[in-house]
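# Examination of the molecular architecture
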Amino acid sequence: MAQFTSGDLVKAHYKTGIYIGEFLEERNNAHLIKVLAVDKHPMQGDLHNPGQTSEVFFHQRKALSFQEKANINKQAVESYDSREPPDYYTSLLDSVEKLKNKLTRRETEFNQQALHQLEDLENQYKRQNRPRSS
């Protein structure tokens, strides 16, 4: 498991999303990370019943916010090798677009519901004030 010092850039897998962030501190079995960019938008739906739509609560899952702090399992954090993380807002919209493209490849009930939730989130993201990256 990698060791990090405060200020190191890391890639962190949190639930079904992946984020680029700044390592802040170690906490028991977790690392405290400050989110700087979105690498992969969280999947929509029920995390415990992926791909299912009947008899489950279909959750809308937002990405973590710019500079939001999250405790992330140590095993889900790795070094981020690029020099600068991308702009948060641009990375957020890019990650939404990638997920939308993935969901439109196969027409299933799950993909349709997930796409509907994602399009609603995309509209929410665009209505919000564009966060500054620095």
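Below, the structure is looked at part by part. Note that the structure is a prediction, hence the values are computed from the model and not measured. (Residues numbered from 1 in each chain as written. Predicted model: local features only at pLDDT ≥ 70, side-chain atom pairs only at ≥ 80, totals over all residues. Heavy atoms only, no water.)

What follows covers the overall build of the protein. Summing up its helical and strand segments, the protein has two helices and five strands in all. Secondary structure elements of the protein, listed N to C terminal, follow the sequence β-β-β-β-β-α-α. The buried share of the protein, taken over its 134 residues, is 43%. Expressed as a percentage of contacts within the protein between residues at least 6 apart in sequence, the contacts between residues at least 24 apart total 63%. Counting every atom, the protein has about 8,300 Å² of accessible surface; 41% of that belongs to carbon and sulfur. (Helix = DSSP H or I, 4+ residues; strand = E, 2+ residues; numbered from the N terminus. Buried < 20%, exposed > 50% of the residue type's maximum accessible area, 1.4 Å probe, protein only. Contact = heavy atoms within 4.5 Å. Areas by Shrake-Rupley, 256 points an atom, 1.4 Å probe, with all protein chains shown as cover.)

The subject of this paragraph is the side chain of Gln-117. Within the secondary structure, Gln-117 is located in helix α2 (residues 109-127). Of the residues examined, Gln-117 reaches a relative accessible area of 19% and is grouped as buried. What Gln-117 contacts, discounting residues up to four positions off in sequence, is Gln-44, Phe-58 and Gln-60.

So, about the packing of aromatic side chains. Two descriptors summarise a pair of aromatic rings, namely the distance from one centre to the other and the angle between the planes of the rings. One pass over the full model with this rule turns up two aromatic pairs. Arranged with centres 5.6 Å apart and planes meeting at 50°, the rings of Phe-66 and Tyr-88 form a pair that is tilted. Taken as a pair, Phe-66 in the loop between β3 (30-40) and β4 (69-73) and Tyr-88 in helix α1 (residues 88-103) lie far apart in primary sequence, 22 residues in all. On the basis of relative accessible area, Phe-66 is assigned to the buried category, the value being 16%. (Phe/Tyr/Trp six-rings, centres within 6.5 Å; stacked < 30°, edge-to-face > 60°.)

This part is about the pattern of salt bridges. Applying the stated criterion to the full structure yields seven salt bridges. Linking Lys-11 and Asp-39 is a salt bridge whose minimum nitrogen-to-oxygen distance equals 3.4 Å. Residue Lys-11 is found in strand β1 (residues 9-14), and its partner Asp-39 is found in strand β3; the two are separated by 28 residues along the sequence. With relative accessibility at 28%, the residue Asp-39 sits in the partly exposed group. Among the ionic contacts, a cluster of salt bridges with common partners joins Glu-97, Lys-100, Glu-122 and Lys-126. (Salt bridge = Lys/Arg side-chain N within 4 Å of Asp/Glu carboxyl O.)

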